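Per-entry structural report
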Amino acid sequence: MTHTSAHCAPAPADQVAAPGVRFQTGALEALKWLALLLMTGDHVNKYLFNETLPYLFEAGRVAMPLFVMVLSYNLARPTTWHKGGHRRTAWRLLGAGLLATPPFIALGGLWYGYYPLNILFTLLVITLTLAACERALAGQRWAWFVALMVFVLGGALVEFWWPAVLLGLCTTWFVRRPNPIAALGAVLSLASLTYINGNAWAMAALPIVLLARGLSLNVPRWRWLFYAYYPLHLAALWLIRIPMAKVGYLFLI
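Let us look at the structure shown here. (Residues numbered from 1 in each chain as written. Predicted model: local features only at pLDDT ≥ 70, side-chain atom pairs only at ≥ 80, totals over all residues. Heavy atoms only, no water.)

1. Some details on the pattern of salt bridges
When charged atoms on two side chains of opposite charge get close, those side chains can pair. Basically, it comes down to this: By definition, a salt bridge exists where a carboxyl oxygen of Asp or Glu is found within 4 Å of a side-chain nitrogen of Lys or Arg. Numbering of helices and strands runs from the N terminus, with a helix taken as a DSSP run of H or I at least four residues long and a strand as a DSSP run of E at least two residues long. Whether a residue is buried, partly exposed or exposed follows from its accessible area with a 1.4 Å probe, protein chains only, as a fraction of its type maximum: under 20%, in between, or over 50%, in that order.
Taken as a whole and assessed by the stated rule, the structure comprises 4 salt bridges. The residue K32 makes a salt bridge to E29 at a minimum N-O spacing of 3.0 Å. On the criterion of helical spacing, the pair formed by K32 and E29 is a turn pair, its members being 3 residues apart in helix α1 (residues 25-48). Taking relative accessible area as the criterion, K32 reaches 12% and is therefore assigned buried. Ionic pairing is found between R61 and D42, a salt bridge with its closest N-O pair at 2.5 Å. Highlighted residues: R61 in the loop between α2 (56-60) and α3 (63-75) and D42 in helix α1, separated in sequence by 19 residues. Across the pair, exposure class does not vary: R61 and D42 are buried alike. Each of E29, K32 and R221 takes part in one network of salt bridges that share partners.

Here it is in structure tokens:
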């Protein structure tokens, strides 16, 4: 995760990243829309139909890895740290995550009624860990300890736990400096999600991302949409369940 932009020629605004890995902004936005669609289908299936709709659960396992890899790619851009991108992203994720918490808990299916924290906090832990790594690489060696603590403690509190956080770290590392260790770490992170998800569908994110890398798409960037959508769609599902419950529909979670 070292900075490599000092001696590079300026890249187009939609291709600013490390020399080894580049995506068009439109392709990244398409990946986010795909992840949003898969997540929504998974949640509709889980919270409204007791996971009885075929294939939506399996397809939904691809959503989190796509969100994580897109976030990590954006945080790996050479200018992100210097422009305060990690700080802004962290505050947005924290705010949206807190807003999503009441409907997330109300919808049920959590251990002890509130654990683990929702996916936006998973993305927050990734962001904070990467921010600490940036400080450490800038010479503040104490930040390595902070990064380790955020990874260990934060990863224990959030959805998909340490595999999701490790996926984010390895993705950023690979984008900054493509190498086999980072690639192996990302693959092992995805593979370890099999034990959490009960299936290996998370691995499907890899070919999807590789395919998107070669695409040039005109998909506009809606910066705040993805932060707002998560708490809003959970609240909508929560409200929809109220009249369903009144007419006798039984929810298993």
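There is more to say, and it comes next.
2. Focus on the packing of helix α5 (residues 119-137) against helix α7 (residues 161-176)
For any two helices packed against each other, the geometry is given by the interaxial angle and the distance between the axes. Note the following rule: Simply put, an axis is a line fit to the C-alpha atoms, just over the touching stretch for a helix, and the angle between two N-to-C directions goes from 0 to 180 degrees. Here roughly perpendicular refers to angles of 65 to 115 degrees, roughly parallel to angles under 35, roughly antiparallel to angles over 145, and oblique to all remaining angles. Definitions for this section: a left-handed crossing has its near helix turned counterclockwise from the far helix by less than a right angle. A right-handed crossing has that turn clockwise. Every residue pair with non-hydrogen atoms within 4.5 Å of one another is taken to be in contact.
Remark: α5 packs on α7, axes separated minimally by 9 Å, with the N-to-C direction vectors making an angle of 45 degrees. In this view, α5 runs oblique relative to α7, as classed from their interaxial angle. Taken as a pair, α5 and α7 cross one another with a handedness that is right-handed. Mapping the contact onto sequence places T122, V125, I126, T129, L130 and E134 in α5 and A164, V165, G168, L169, T172 and R176 in α7.

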